[in-house]
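Listed below, chain by chain, are the residues.
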Protein chains: 4
Amino acid sequence: MARTTDGDGTPVPQRLLAAATRLFAEQGYDRTSVQEIVEAAGVTKGALYHYFGSKEDLLQEVYARVLRLQQERLDDFADSDAPVDERLRSAAADVVVTTIENLDDASIFFRSMHHLSPEKNKQVRSERRRYHERFRALVEEGQRAGVFSSATPADLVVDYHFGSVHHLSTWYRPDGPLTPQQVADHLADLLLRALRP
Amino acid sequence: MARTTDGDGTPVPQRLLAAATRLFAEQGYDRTSVQEIVEAAGVTKGALYHYFGSKEDLLQEVYARVLRLQQERLDDFADSDAPVDERLRSAAADVVVTTIENLDDASIFFRSMHHLSPEKNKQVRSERRRYHERFRALVEEGQRAGVFSSATPADLVVDYHFGSVHHLSTWYRPDGPLTPQQVADHLADLLLRALRP
Amino acid sequence: MARTTDGDGTPVPQRLLAAATRLFAEQGYDRTSVQEIVEAAGVTKGALYHYFGSKEDLLQEVYARVLRLQQERLDDFADSDAPVDERLRSAAADVVVTTIENLDDASIFFRSMHHLSPEKNKQVRSERRRYHERFRALVEEGQRAGVFSSATPADLVVDYHFGSVHHLSTWYRPDGPLTPQQVADHLADLLLRALRP
Amino acid sequence: MARTTDGDGTPVPQRLLAAATRLFAEQGYDRTSVQEIVEAAGVTKGALYHYFGSKEDLLQEVYARVLRLQQERLDDFADSDAPVDERLRSAAADVVVTTIENLDDASIFFRSMHHLSPEKNKQVRSERRRYHERFRALVEEGQRAGVFSSATPADLVVDYHFGSVHHLSTWYRPDGPLTPQQVADHLADLLLRALRP
DNA sequence: AATGAATGAGCATTCATTCAT
DNA sequence: TATGAATGAATGCTCATTCAT
């Protein structure tokens, strides 16, 4: 067993990433000090700077992990061979459920992205765009097939839906009346109903 | 009168509020220093603290002004005697247009609200709720009248729409292909289409 | 009735002096802001600076009033035609009683004197010295008459007694077991007993 | 080891403590800025806050060191097997000598203690009380043995003496006519004479 | 006699980052 | 691989004092 793990066996970089994610979500990026992160992870500052070049690098890693996960799930749904309306409904509902299950990640996304330096911001945005375009392609496919109304530009439809997804971290409470799946079904339903020809 | 205004004739508190609004939107609350604000407003720190108790008070004032304006507009639309679907469509489109026209305020709202202390946060949230409830009442009125589908709880419908409004500050660019009014019409249309029985 | 009094009829300068005395004693000179003083006195800053040149002037006035009172009392006792031991005992006990009755003044004296500028400090010290010398003269008179032991220099005897007087503000509590008069009698007794030949 | 010391080989925390002690005594706690302290110690602010949590912590450390030293000396004298009047005389004289030798510490004690937060103040006071009680026990022992008069409560006797000790920082000057030891002998003598039956 | 807006210098504290070990 | 002492610049805020009215 290498030195990079501690009592609990989790490697140091992952412990740092987990601690940072939780703290960034709870307090915001600027209000979380490097000292707090290393204390929560049970290591020292030197260790953090051994694995990450800066506090900002840590934030970017949090983003990278989330983006990778979301893109994988979207690709899976979009690549299935179900009818396009079912594929869109599944993907639209899934992003709601996984966002609720990782509300910390979502909070960080919509509140801390502007804390990245221009270059890193650009990189994250381009990965976001890839995600957005995959989703938009589904909408356009349905519009071309006449399954969805073409009254609204597909881009706007996607932003309409993702607006509500981002908004989840503002109002969703685990102890509220609806389960994540129920919320997801309702929101996907609203999207599909809005797209009825 | 001479003392409370400067070269441009605008009272000092309003100059400070305007400068703070712009800077909070551009850089975020934590990244904007009091020094930057007073320099942008052309006054000294002492003057700022003469009118505002703290940097946080300044942020709260920004919120208070926006909330007041939005509530007034919503009340006007909701109180008209047009049919309920027209009233909802007008209100839904209007909030989009005014949000786009004041994107700075919107950015601050969705990125900096968590920087308020618990008490102030509570106060702002309760005013937000009042706004939300007025909007929800419109949806419920239409559902009771059978004009709108009751498939989705009215609360969720409202959050669906406001998610897309908040999201505007993330993607809307003045030099994009759509005018504010066009965006507003499309988004209001999506809402009304989703509510078709 | 002039403008210098308010609802309660007390002239503004005296109200300021009383407020300052209380606040300086409670919080210390440096920790008391001019704003607090004027609020406690129910006037504005402009009024304070109309009557007093500076915050420091206010402190000096507090001193001046106390010194005047104490000197008057000491002179009365020292000038009586009782035997010297009785005169010393009376004066020694009286300064204890009046110090306890004005513990605020005493606290200020022993904690804030070093906040005066060199010139003002010098002036206060010279008035203190006059007081000290009058007291010392009583001791010396008794020593010359053989009523008091000459084993200790009179200066040191006076400092010994006044040390205990200054110390009162550290330990005396109105709700303690001894009345001011009892404390005074005990301390004067200790002084006289120490001076027995 | 190289890092924790500088040119003169004294560890940084001790250098800071020494500089703070001198400056607090000369100018008072509130009038001494953290900047002055670190400049006097030849380090930066960051270094100070690496070792001490706050300016107040620094003050408390000054107290803690003095209290420890004084308690040790008192215990040594009180535990000897000389007659009780000799033990009291030695202890009473010793506290005078060591106070004069550390007049800075004494000044801080009697002028800055009220600058501590309530909790820290309480802690320091309780250690003071332990010291006071050890001294009082000596007086009571002599009173029970009939060596000292019981006319005055022992508590008051202790406060009488310590008043004069505190007062030293007000009037004692190294270039005065009396050596520290002479002052100590006189003050101890006054105490013992006052206690004669 | 009194106001209160405005100043400007100063304050204690925080923090991401570096680097000798 | 990891430590932790040290840096140095920045931050929000306070306050005695001034002065046009």
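None of the values given here were measured: they were computed from a predicted structure. (Residues numbered from 1 in each chain as written. Chains lettered and ligands numbered in written order. Predicted model: local features only at pLDDT ≥ 70, side-chain atom pairs only at ≥ 80, totals over all residues. Heavy atoms only, no water.)

Draft legend 1. The arrangement of the arrangement of the chains in detail. The two units chain B and chain C remain apart, with a minimum C-alpha distance of 12 Å. Chain D makes no contact with chain A, the minimum C-alpha separation between the two being 12 Å. (Contact = heavy atoms within 4.5 Å.)

Draft legend 2. Molecular detail of the packing of aromatic side chains. Here the structure, examined in full by the defined rule, presents 26 aromatic pairs over all chains. Summarising the aromatic geometry, the rings of Phe109(C) and Phe110(C) are spaced 5.8 Å apart at their centres and angled 45 degrees between planes, so their arrangement reads as tilted. The rings of Tyr63(A), Phe109(A) and Phe110(A) are connected pair by pair, giving a single aromatic cluster. Positioned above the aromatic ring of Phe109(A) is the side chain of Arg128(A), whose terminal nitrogen or guanidinium carbon lies 5.1 Å from the ring centre. (Phe/Tyr/Trp six-rings, centres within 6.5 Å; stacked < 30°, edge-to-face > 60°. Lys NZ or Arg CZ within 6 Å of the ring centre and 35° of its normal.)

Draft legend 3. Up close: the relation of the copies chain C and chain D. Turning chain C through 180 degrees and shifting it by 0.1 Å along the axis lays it on chain D, with an RMSD of 0.1 Å. Each copy turns onto its partner about a two-fold axis. Mapped onto chain D, 100% of the interface residues of chain C are again interface residues, and the two copies thus contact each other with one and the same surface. (Least-squares fit on C-alpha atoms with pLDDT ≥ 70 in both.)

Draft legend 4. Main features of the relation of the copies chain A and chain B. For the match of chain A to chain B, the screw axis carries a shift of 0.1 Å, the RMSD comes to 0.1 Å, and the turn is 180 degrees. Counting the interface residues of chain A, we find that 100% of their copies in chain B are interface residues as well, pointing to one common contact surface.

Draft legend 5. Expanded view of the UniProt feature "DNA-binding region" (unreviewed entry) in chain A. The residues that UniProt annotates with the feature "DNA-binding region" (unreviewed entry) are residues 33–52 of chain A. What you have in residues 33–52 of chain A is 75% helix and 0% strand, and the ends, taken at the C-alpha atoms, are 15 Å apart. (UniProt positions renumbered as here; feature names shortened; annotations may be inferred. Helix = DSSP H or I, 4+ residues; strand = E, 2+ residues; numbered from the N terminus.)

Draft legend 6. Focus on the interface of chain A and chain B. At the junction of the two partners, chain A supplies 35 residues and chain B supplies 37 residues. Here chain A packs against chain B, burying approximately 3,300 Å² in sum over the two surfaces, 56% of which is carbon and sulfur. Our enumeration of links across chain A and chain B arrives at 2 salt bridges. Across the salt bridge formed by Arg31(B) and Asp30(A), the nearest N and O atoms sit 3.0 Å from each other. Applying the counting criterion to the chain A and chain B interface returns 15 residue pairs in polar contact (both at pLDDT 80 or more). Of all elements in the fold, only helix H6 (103–112), helix H8 (154–171) and helix H9 (180–194) of chain A reach the threshold of two or more residues within the side of chain A that touches chain B. Per element, the largest residue contribution to the side of chain A that touches chain B is 12 residues, and it comes from H8(A). (Buried area = accessible area lost by both parts, 1.4 Å probe. Salt bridge = Lys/Arg side-chain N within 4 Å of Asp/Glu carboxyl O. Polar contact = N/O pair within 3.5 Å; in protein donor to acceptor, adjacent residues only side chain to side chain.)

Draft legend 7. How the structure looks around the interface of chain C and chain D. The interface of chain C with chain D comprises 35 residues on the first partner and 37 residues on the second. Around 3,300 Å² of area is buried between chain C and chain D when both sides are counted, 57% of it from carbon and sulfur atoms. It is Leu156(C), Tyr160(C) and Leu190(C) in chain C that bury the most area against chain D; as a group they hold 23% of the surface buried on that side. For the pair chain C and chain D, the interface holds 2 salt bridges. The interface formed by chain C and chain D contains 15 residue pairs in polar contact (both at pLDDT 80 or more). When residues of the side of chain C that touches chain D are traced back to their parent elements, those giving at least two are helix H6 (103–112), helix H8 (154–171) and helix H9 (180–195) of chain C. It is H8(C) that provides the largest number of residues to the side of chain C that touches chain D, a total of 12 residues. Taken together, the residues of the side of chain C that touches chain D break down into 15 nonpolar, 11 polar and 9 charged. (Nonpolar A, V, L, I, M, F, W, Y, C, P; charged D, E, K, R; others polar.)

Draft legend 8. Structural view of the environment of Lys45(D). Residue and element names in this part refer to chain D. Relative to the assigned elements, Lys-45 resides in helix H3 (residues 45–51). In the structure, Lys-45 is positioned 25 residues away from Ala-20 in sequence and 13 Å away in space, judged by C-alpha atoms. Not counting the four nearest positions on each side in its chain, Lys-45 is found in contact with Val-34, Gln-35 and Val-38. A polar contact of 3.5 Å, which involves the side chain of Lys-45, links it to the side chain of Gln-35.

Draft legend 9. Local environment of the domain arrangement of chain A. Residue and element names in this part refer to chain A. What the domain assignment lists for chain A is domain 1 (12–51) and domain 2 (55–194). Each partner contributes to the interface: domain 1 provides 12 residues, whereas domain 2 provides 14 residues. If you sort the residues of domain 1 by the area they bury against domain 2, Leu-17, Thr-21 and Tyr-29 come out on top, with a joint share of 48%. Counting the contacts that link domain 1 with domain 2 gives 0 salt bridges. Scanning the region where domain 1 abuts domain 2 turns up 5 residue pairs in polar contact (both at pLDDT 80 or more). (Domains from an automatic or database assignment.)

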